[in-house]
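As a plain string of letters, each chain reads:
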Amino acid sequence: METNITKRLMINKLILLIIIIAFVNMFSFLFGTENTLTGVTVITGALMFKDIDLGYNVKESVFITIGLFTFIGIVTYLTSQVGILLGILINLISVFMVIYITSENLQTKVFLPFILLYVFLDGTPIDETQAIMRVVASFIGGVIMALTLYISHYKKQISKKSIKEDLCKENIDFSSERFRFSVKMAIGISIAILIGRFLNTQKAMWITIAVMSLTQPQHEDSKQRMKERLISTILGAIAFVILFKVLVPEKYFTFVTLSLGYIYTFIYEYKIKMFFVAINALVASMFIFNTPISIALRIGFLTIGICVVYIISKGEEVISKIKDKEQSAIFE
């Protein structure tokens, strides 16, 4: 959590929250409520791009950003229109490509807004009459992010790396952390989407979000996040019941929700952020399910996501150890 809280910081955080809410509402007004989460992703990505870039030269990064956002808008609609097996294949290839292209520097986690958009759009299905607006919203969102990136970095460009050079066959290391992470994310999200399809219920996207959040380059990091997110979700569910079912009258729900959102802007530690995320998710689901069902689904879907990530991450760790032993045997 932010430790050096000053009056200026509090005002800046309040202004930031107002800008975020205004932007998301405006985006939803222009492109429809089915594209509200695209607006959430765009403002998230734009805020990230103020400080970090894609790792390629700025001009190429502009076209990569717009291209990937548009691609995601198209492909997530297409996967909902095809058979399950073909959908799995498309998701595997598409998620891998999105992650690999945007993870030139894994430490910056600049891939997050791109994979977040993929998860959000897949979890917000549309019919064919809304398909064009979905693609337009994705394209415009990509343009907004690209402009933010260009304005923020064109004068202080650090990397001059070309994406053609990066994706050249000779430069792709199949044993690299970047490649292995992209594969894990592709498999995990594809499985989560498949499970969601079979369950065919609202908020199945919670599984995919859990997989996206918990999948880390290192298995131990994933394990730590699993424990922290599960505990934080349970505590968040308890806090939700106390706040919104016991203490706070319904007419003050909006005020309390906004207050929690404001406090969240000061939080940096993962487990505390997940506590607030759990409360917010349960508040949003109040209009769909009753409280016991919402809490059961939140914890249940998280548990499914944990199982998916653990199996994939542990499997990758075991395979890596086997390969290391084989290589050691060769040199002995």
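Everything here concerns the structure above.
Residues numbered from 1 in each chain as written. Predicted model: local features only at pLDDT ≥ 70, side-chain atom pairs only at ≥ 80, totals over all residues. Heavy atoms only, no water.

**Structural notes on the overall build of the protein**
Tallying secondary structure elements over the protein gives 13 helices and zero strands in all. Moving toward the C terminus, one meets the helices and strands of the protein in the order α-α-α-α-α-α-α-α-α-α-α-α-α. Here the C-alpha radius of gyration of the protein, 20 Å, is about what a compact globule of 332 residues would show, namely 20 Å. Expressed as lengths along the three principal axes of its C-alpha atoms, the size of the protein is roughly 70 × 50 × 45 Å. Looking at the protein as a whole, 47% of its 332 residues qualify as buried. (Helix = DSSP H or I, 4+ residues; strand = E, 2+ residues; numbered from the N terminus. Rg over C-alpha atoms; globule rule 2.2 N^0.38 Å. Buried < 20%, exposed > 50% of the residue type's maximum accessible area, 1.4 Å probe, protein only.)

**A few points about the pattern of salt bridges**
In this structure the tally under the stated criterion is seven salt bridges. Note that glutamate 316 is salt-bridged to lysine 184, the shortest N-O span being 3.7 Å. One end of the pair, glutamate 316, is in helix α13 (residues 291–331); the other, lysine 184, is in helix α8 (residues 177–199), with 132 residues separating them in the sequence. Judged by its relative accessible area of 13%, glutamate 316 is buried. Bridged by salt links that share partners, the residues Arg180, Lys184 and Glu316 form one connected network. (Salt bridge = Lys/Arg side-chain N within 4 Å of Asp/Glu carboxyl O.)

**Brief notes about the environment of phenylalanine 63**
Position of phenylalanine 63 among the secondary structure elements: in helix α3 (residues 58–79). According to the relative accessible area criterion, phenylalanine 63 is exposed, its value standing at 64%.

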